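# Per-entry structural report
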Amino acid sequence: MTRILTLGEHPPVDNFLPETELVNEKRFPLNVYFCHGCSLVKLLDVVDEKVLFHGDYAYFSSASKPLVQHFNGYADDLKQRYALTPDDLVVDIGSNDGILLQFFTDTCRVLGIEPSANVAAVARDKGVETIVGFFTRALATEVSAAHGKAKIITANNVFAHIDDLEEIVEGVKVLLDDDGVFVTESHYLLDLIEHMEFDTVYHEHLCYYSVKPLCHLFERFGMEVAAVERVNTHGGSIRVFARKKSDTPIHDSVSELLALEERSGLHSLARFQDFQTDAEAIRDTLVTLVRDLRKEGKTVTAYGAPAKGNTLLNFCGFTKDDITYVTDTTPHKIGLLTPGSHIPVVSPEILETDTPDYILLLAWNYRDFILEKEQSLRARGTKFIIPIPNVEIV
Ligand code: TYD
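A brief report on the enclosed structure follows. Owing to the predicted nature of the structure, the values given are computational and were not obtained by experimental measurement.

Per the secondary structure count, the chain includes twelve helices and 17 strands. Computed over the C-alpha atoms, the radius of gyration of the chain is 21 Å, within 12% of the 21 Å expected from 2.2 N^0.38 for a compact globule of 394 residues. For the C-alpha atoms alone, the extent of the chain along its principal axes is close to 65 × 50 × 40 Å. Counting over 394 residues, the chain shows a buried share of 55%. Partitioning the intrachain contacts of the chain with sequence separation of at least 6 by distance along the chain shows that 69% fall at a separation of at least 24.

In structure tokens form, the structure reads like this:
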């Protein structure tokens, strides 16, 4: 393993906190490593999952409208590929507020598995049956006995969060029908490195996947990657379709993407040699820009308080002296402070009356949607600073 990125010590990015909790805030090292054996890019400093995902978890997927649309399309795609009957079961691991399963309830049986009780409660209110807990082999056995085998198991933006992959893949094998499919979406390492999305590095994301290590992983457990697709969520992701080993041919998309990864150098350490200096260059440009604007008396706020925004704010060392406030659509984050940088999170309604000179777009993955949505604010004179893939003012 070779270290390819050092970001310093960071608090867990979804631990938004009130003023009274500041004294208890903990920081953990955030460094990224490359594995020479299997080309996997990962963190080695693993923060206890109970510190990251708990009854007060702040990330509700449905707070971002474009993400709801994405999962609606994802559900339609799965329904088209696999003719589901009302008796069939679809299980989502890390089902959050039911963002995906809500689109299956009119077609078949659904079951969510979600460790954060407060988020699971929102899913249940939508009519999505949800078990509060971490997915393990033991839980898979219980679910299989109580509900039968699943036709489809999904795990979106959570597969990379799991340290004990053996437990998960073994659990999937227990619960999945022999002709069932396991579908996972994960942020794609090729997009991360090509577009300098280094802010997507945080303790929840233990692995930064490409297709090659995923093929190895499933192989180890008697499964195989049957097809793979690139999708545009979170700055570029891969949707991987895995199944128990079978005689059905593997789709060309797998060898095509493996070849692209090889051509792009993704499987060798050399591809990552400028990662640190490139990340620092973005940080230095951004810090200089914001501090110069503040010296000129301009107001700077931020838009969206995504997890990745907290990596960026903390890597830059920004505080409320630099960024006055952050707006976010998640009710649970409003009224709290951003972890580490301690900037107040406020409702986006503030922008109906306040007109900051500059807004740092932390949720840059929704750039087009947000720039369009905020046309009237921009017409009033506010400029947006886009940090990734390079610092740009629009
Ligand atoms: P997201 O990019 O989904 O993920 P992550 O936390 O994994 O980095 O988070 C987007 C955040 O931005 C979420 O807290 C909701 C917020 N948001 C807004 O405040 N306004 C918007 O218009 C959109 C699309 C998102």
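On to the site of the ligand. Surveying the vicinity of the ligand reveals 21 residues, the closest of which are Ala307, Lys308, Asp328, Lys333 and Lys373. A distance of 2.8 Å separates an oxygen atom of the ligand from a polar side-chain atom of Asn365. At a separation of 2.6 Å, an oxygen atom of the ligand approaches a polar side-chain atom of Lys373. For the ligand, whose accessible area on its own is 570 Å², the fraction buried by protein is 96%.

Here the focus is the sheet that holds strand S13 (residues 326-327). Reading across the sheet, the six strands line up as S14-S13-S12-S15-S16-S17 and stay open at both edges, with mixed pairing between neighbours. The sheet terminates laterally at strand S14 (345-346) and strand S17 (392-393), the two strands that pair on one side only. Sheet analysis places S13 next to S14, joined by two bridges and oriented parallel. Of the residues in S14, the one forming a bridge with Val326 is Val345. Seen against the sheet, helix H9 (residues 275-295) touches strand S12 (300-303), strand S15 (358-361), strand S16 (383-386) and S17 and runs at an angle of roughly 155° to S16.

What follows is about the nonpolar core. Core analysis: the biggest nonpolar cluster contains 122 residues, and Phe104, Phe159, Phe182, Phe198 and Phe218 have the highest contact counts within it. Counting residues per element, this core draws most heavily on H9, which supplies seven residues. Other than its neighbours up to four places away in sequence, Phe104 contacts Ala75, Leu78, Lys79, Leu84, Val90 and Val110. Judged by nonpolar contacts, the second largest core, of six residues, contains Val47, Phe53, Tyr57 and Phe60.

A word on the packing of aromatic side chains. Applying the stated criterion across every chain, the model contains nine aromatic pairs. Ring centres of Phe198 and Phe315 lie 5.6 Å apart, and the angle between their planes is 70°; this geometry places the pair in the edge-to-face category. Of the two residues, Phe198 is situated in the loop between helix H6 (189-194) and strand S9 (207-208) and Phe315 in helix H10 (residues 307-316); the sequence distance between them amounts to 117 residues. Look at Phe198 and you get buried, because its relative accessible area is 0%. Here the guanidinium or amino end of Arg239 rests over the ring plane of Tyr74, the centre of that ring lying 3.8 Å away. Geometry around Phe315 places Arg283 over its ring, the cationic atom sitting 4.8 Å from the centre.

Our focus in this paragraph is a negative patch on the surface. A cluster of acidic residues, Asp48, Glu49, Asp163, Asp164 and Glu166, forms a negative patch at the surface. As for its position among the elements, Asp164 is in the loop between strand S7 (150-156) and helix H5 (165-175). Owing to a relative accessible area of 42%, Asp164 belongs among the partly exposed residues under this scheme.

The rules behind the values
Residues numbered from 1 in each chain as written. Predicted model: local features only at pLDDT ≥ 70, side-chain atom pairs only at ≥ 80, totals over all residues. Heavy atoms only, no water. Helix = DSSP H or I, 4+ residues; strand = E, 2+ residues; numbered from the N terminus. Rg over C-alpha atoms; globule rule 2.2 N^0.38 Å. Buried < 20%, exposed > 50% of the residue type's maximum accessible area, 1.4 Å probe, protein only. Contact = heavy atoms within 4.5 Å. Near = heavy atom within 4 Å. Polar contact = N/O pair within 3.5 Å; in protein donor to acceptor, adjacent residues only side chain to side chain. Areas by Shrake-Rupley, 256 points an atom, 1.4 Å probe, with all protein chains shown as cover. Pairing = 2+ DSSP bridges. Axes fitted to C-alpha atoms, helices over the stretch in contact; angles between N-to-C directions. Core = buried A, V, L, I, M, F, W, Y, C linked by side-chain atoms within 4.5 Å. Phe/Tyr/Trp six-rings, centres within 6.5 Å; stacked < 30°, edge-to-face > 60°. Lys NZ or Arg CZ within 6 Å of the ring centre and 35° of its normal. Patch = residues over 30% accessible without salt bridge, like charges linked within 9 Å, V, L, I, M, F, W, Y side chains within 5 Å. Salt bridge = Lys/Arg side-chain N within 4 Å of Asp/Glu carboxyl O. Lys, Arg positive; Asp, Glu negative; His and termini not counted. Charge placed at Lys NZ, Arg CZ, Asp CG, Glu CD.

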